[in-house]
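Chain by chain, the residues:
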Amino acid sequence: MDLTWTEEEEAFRAEARAWLEANVPRGLPSGDTAPGFALHREWERELFDARWAVVSWPREYGGREATLFEWLIFEEEYHRAGGPQRVTQNGIFLLAPTLFEFGTQEQKDSILPRMAAAEDLWCQGWSEPDAGSDLAAIKSMAVRDDSGAGWRLTGQKTWTTRGAFCTHLFGLFRTDPSAERHRGLTYFLVPLAAEGVTVRGFGRLDGDEGFAEVFLEDALVPEGAVLGEVDRGWEVAMDTAGSERELTLRSPGRFQATAARLVELWRERPDPGLRDEVVRAWMDAEAYQLHTLQTVTRLAGGGRAGPEASLTKLFWSELDVRLHETALRLLGPEAELDGPWSKGFQFALAGPIYAGTNEIQRNVVAERVLGLPRR
Amino acid sequence: MLEKECPPAALRRAWANETGRVPGLWPKLCAMGVVGADAAAFSPLDLVLVLEETGRACVPEPVVGTFASGPGGGAAAATGLGLAVSPLVLYADSVERLVLEHEGGLWSLPPSRASLAPCPAVDGSRRLFEVSWDPGDAERLELDPRSVLDRAALAAAAQLCGTAQQLLDAAVAYAGQRHQFGQPIGAFQAVKHKLADVALRLEFARPVVYRAAWSMDPVHVSMAKAHASQAALLAARAALQVHGAMGYTVEHDLHMWLKRAWALAASWGDAAWHVQRVGEAVLRDRAAAPLDSPVSPGPGRLGTGR
């Protein structure tokens, strides 16, 4: 075990820090609103042009072929510099790892560069009105088009983050209704401009219109819209879910930056009664970083994301809530004012719900990590 | 080795014998290089997993005190350690030497030159003593009490991880066997989620402990002891609840691990004590940005070969 960075890694950090300090935009409005989204898209273009959008990707897709450790360094520096939310995240952090794993060469070549450049913006199409935690209950259907030109999609997806502003959706559709419910699902890549697709945005608890529902009525997509094998979509989707829970979605730099801001807030308003809570929250952000280094060490050595990813998701989502709750208690009566901490708190509250509710994660930990009986 | 030499039956016998220790176990730990003169060749990082295993087996031996005090008093000399933060000395009547804090320094003397008053503990294998002694009878050591405390806290943190793991494993096994309402109790979500929470705290305590073993930075050690203490106390609480009335009996082995977790969590600075120390570094003395503060040196590969 060696917790020192190499010279190359330090050089990478210095380069990232210098560029970010010079270029990170200040005061962008939320990217989960129509005008804010447009500004964030411009920022994503800047990142892409400077080859900072997708550092770990191959060069031909706009990356730098950075190692996982360098990716972590970039994330630390990004959040340290106060970099804004990544409106491309569902594409670059969730779909892309799955594309690298399951995509055809043609899919990778056509999708990844446009995704990295924020020309195509991807949203997730998992949840349906009757399929949230119970994802395998989805009813949206895909049937082969009579002409053989591809697939016809019908159904409704909902709680789709930034769906109203995105151009494409990835999600699961039922292709074999007679199969056991985890089988007979297929993973589709759907352009939202396709005929028969209607998107309706709606408001979220935090005040942004960042949610959408997506209606599909006989929408035609080509054969190349299938990612992985037909009827094997569950396995493909679980790969995306593993990325979402374990690593790429929530890097430690994000929470360490929040913890550092919490410490600053405590210094401005040193409340002795909250001292231990501040320190414990800060310590947990450290623990998350160290755990991530353990995970990355394992993945860099050829390991794969397993059910342990659920532990990671539980930890970061509950850490985020704790960090913000502690800040609000330091703010006292000002906690109710609209501001970065109250906004962040409301967003943090979504963490234990999205990417698989924490109740589901605890079931996964109990059954698949600890080996407790299913029933 | 520990499964063979220190099974629950041996621990149970130690609870009832004269010293609270397992006869013949200490020389075997020394021969393996876990403690004693041979262990001096190893770094804390080399030993952290072994220390964890001594916690898993609930080893009733002066492992922490001897590890913390370093070599001295002979190749296989066991050491009883008394510091201001944990003044009662474990196994003071059966070790070869005592290392005691006094006026900011550390002193060594044989137990025969001290007066020992036993202090009965909840964990029957932990024989604690109040030690009265005269510095005129002792030798002044060139050791910094703070670094000895850090080594003791690290060793206790590693043991707490092992103890917590054993408590979790025992609870998982019991929840799979025990049937109520026609199904294993481990199939109930209330039980599943309780044990998942233990797995969560333990999973995130371990890398903190390993980082501390690597750096031996006092603030890292404090984070390790606080995280490990919290994880072990949660494990103890959940394991007892899952075992129900069965776990509340002395016939079942569980109580020996529970009591060890409580004892280790309270020793060498409890979680609150160490959080206080981390707070001094984080809130006052050092830069707020954890990303480049000395509290958090540039991390890299965290692998333990587990």
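A quick note: this is a predicted structure, and the numbers were derived from the prediction, not measured. (Residues numbered from 1 in each chain as written. Chains lettered and ligands numbered in written order. Predicted model: local features only at pLDDT ≥ 70, side-chain atom pairs only at ≥ 80, totals over all residues.)

Hydrogen bonds between backbone groups are what pair the strands of a sheet, and the pairing can be parallel or antiparallel. Residue and element names in this part refer to chain B. Strand order in the open sheet formed by 3 strands is β2-β6-β5, and the pairing between neighbours is antiparallel. Every interior strand has two partners, whereas the edge strands, β2 (89-90) and β5 (115-119), have only one. As defined by bridge partners, β2 adjoins strand β6 (residues 128-132) across 2 bridges and the pair is classed as antiparallel. Within the sheet, the bridge partner assigned to V89 lies in β6 and is F129. (Pairing = 2+ DSSP bridges. Helix = DSSP H or I, 4+ residues; strand = E, 2+ residues; numbered from the N terminus.)

All names here are of chain B. By the criterion of burial, β5 is predominantly exposed, with just 0 of the 5 residues buried. By the bridge criterion, 5 bridges tie β5 to β6 in an arrangement that is antiparallel. Bridge pairing links L116 to V131 in β6. (Buried ≥ 20, exposed ≤ 12 C-beta atoms within 10 Å, placed from the backbone.)

Residue and element names in this part refer to chain B. Its 30 residues give helix α8 (residues 218-247) an end-to-end C-alpha distance of only 37 Å, which falls more than 12% under 44 Å, the value for a rise of 1.5 Å per residue. Within α8, the axis deviates most sharply at Q241, by approximately 60°. Of all 30 residues in α8, 22 are buried, a share of seventy percent or more. (Expected span 1.5 Å × (residues − 1). Bend = angle between axes of the 7 residues up to and from the residue.)

Quick look at the interface of chain B and chain A now. With 43 residues of chain B at the interface, the matching set in chain A holds 45 residues. Those elements giving two or more residues to the side of chain B that touches chain A turn out to be α6 (145-177), β9 (183-184), α7 (189-215), α8 and α10 (271-285) of chain B. Looking at side-chain class alone, the side of chain B that touches chain A contains 27 nonpolar, 12 polar and 4 charged residues. (Contact = placed C-beta atoms within 7 Å. Nonpolar A, V, L, I, M, F, W, Y, C, P; charged D, E, K, R; others polar.)

Residues and elements named next belong to chain B. Taking 1.5 Å per residue as the helical rise, helix α9 (residues 254-266) with its 13 residues ought to reach 18 Å, and the 19 Å between its terminal C-alpha atoms agrees with that figure. Looking only at α9, the buried set comprises L254, M256, W257, L258, R260, A261, L264 and A265. Where α9 terminates, the next one or two residues include W268, which has phi positive at roughly 55°.

Domains assigned within chain A are domain 1 (7-87), domain 2 (122-232) and domain 3 (250-369). Between the C-alpha centres of domain 2 of chain A and domain 3 of chain A the distance comes to 30 Å. (Domains from an automatic or database assignment.)

It is worth spelling out the sheet that holds strand β1 (residues 79-82) of chain B at this point. All names here are of chain B. Pairing in this open sheet of 4 strands is mixed, and the strands run β1-β3-β4-β7 from one edge to the other. The two strands at the open ends of the sheet, each matched to only one other strand, are β1 and β7 (139-141). Averaged over all pairs of adjacent strands, the angle between strand axes in this sheet comes to 30°, irrespective of strand direction. Of the strand pairs in this sheet, β1 and strand β3 (residues 97-102) are connected by 4 bridges, and their pairing is parallel. When the bridges of β3 are listed, T79 appears paired with R97. (Axes fitted to C-alpha atoms, helices over the stretch in contact; angles between N-to-C directions.)

Let us now look at unusual backbone geometry. Working note: non-glycine residues mostly have negative phi, and peptide bonds are mostly trans. In this structure, A:R51 is a non-glycine residue whose phi angle is positive, near 60°. For A:R51, the location among the structural elements is in the loop between α2 (34-49) and α3 (68-80). Its identity as a non-glycine residue notwithstanding, B:W268 has a phi of 55°, on the positive side. Mapped onto the fold, B:W268 is located in the loop between α9 and α10. With 28 C-beta atoms packed within 10 Å, B:W268 lands in the buried category.

Residues and elements named next belong to chain B. Packing of α8 against α9 leaves a shortest axis separation of 9 Å and a crossing angle of 155°. With respect to α9, the element α8 is oriented roughly antiparallel. Seen along the crossing, α8 lies across α9 with a hand that is left-handed. Along the contact surface, α8 presents S229, A232, L233, A235, A236, A239, L240, H243 and G247, while α9 presents L254, L258, A261, W262, L264 and A265. Taken together, the residues of the contact of α8 with α9 break down into 12 nonpolar, 3 polar and no charged. (Parallel < 35°, antiparallel > 145°, perpendicular 65-115°, else oblique. Left-handed = near helix turned anticlockwise from the far one by under 90°.)

Residue and element names in this part refer to chain B. By size, the foremost hydrophobic cluster in this structure holds 204 residues, and its most contacted members are L195, V209, A235 and A261. Counting residues per element, this core draws most heavily on α6, at 18 residues. Sequence-distant contacts of A261, that is, excluding residues within four places in its chain, are made with L160, T163, A164, L167, A232, L233, A235 and A236. (Core = buried A, V, L, I, M, F, W, Y, C linked by C-beta atoms within 7 Å.)

This paragraph deals with the environment of A:R329. Residues and elements named next belong to chain A. Summarising the element assignment, R329 is placed in helix α9 (residues 309-331). On the basis of neighbour counts, which here come to 14 C-beta atoms within 10 Å, the residue R329 falls in the partly exposed class. For the pair R329 and L274, spaced 55 residues apart in sequence, the C-alpha to C-alpha distance is 8.0 Å.

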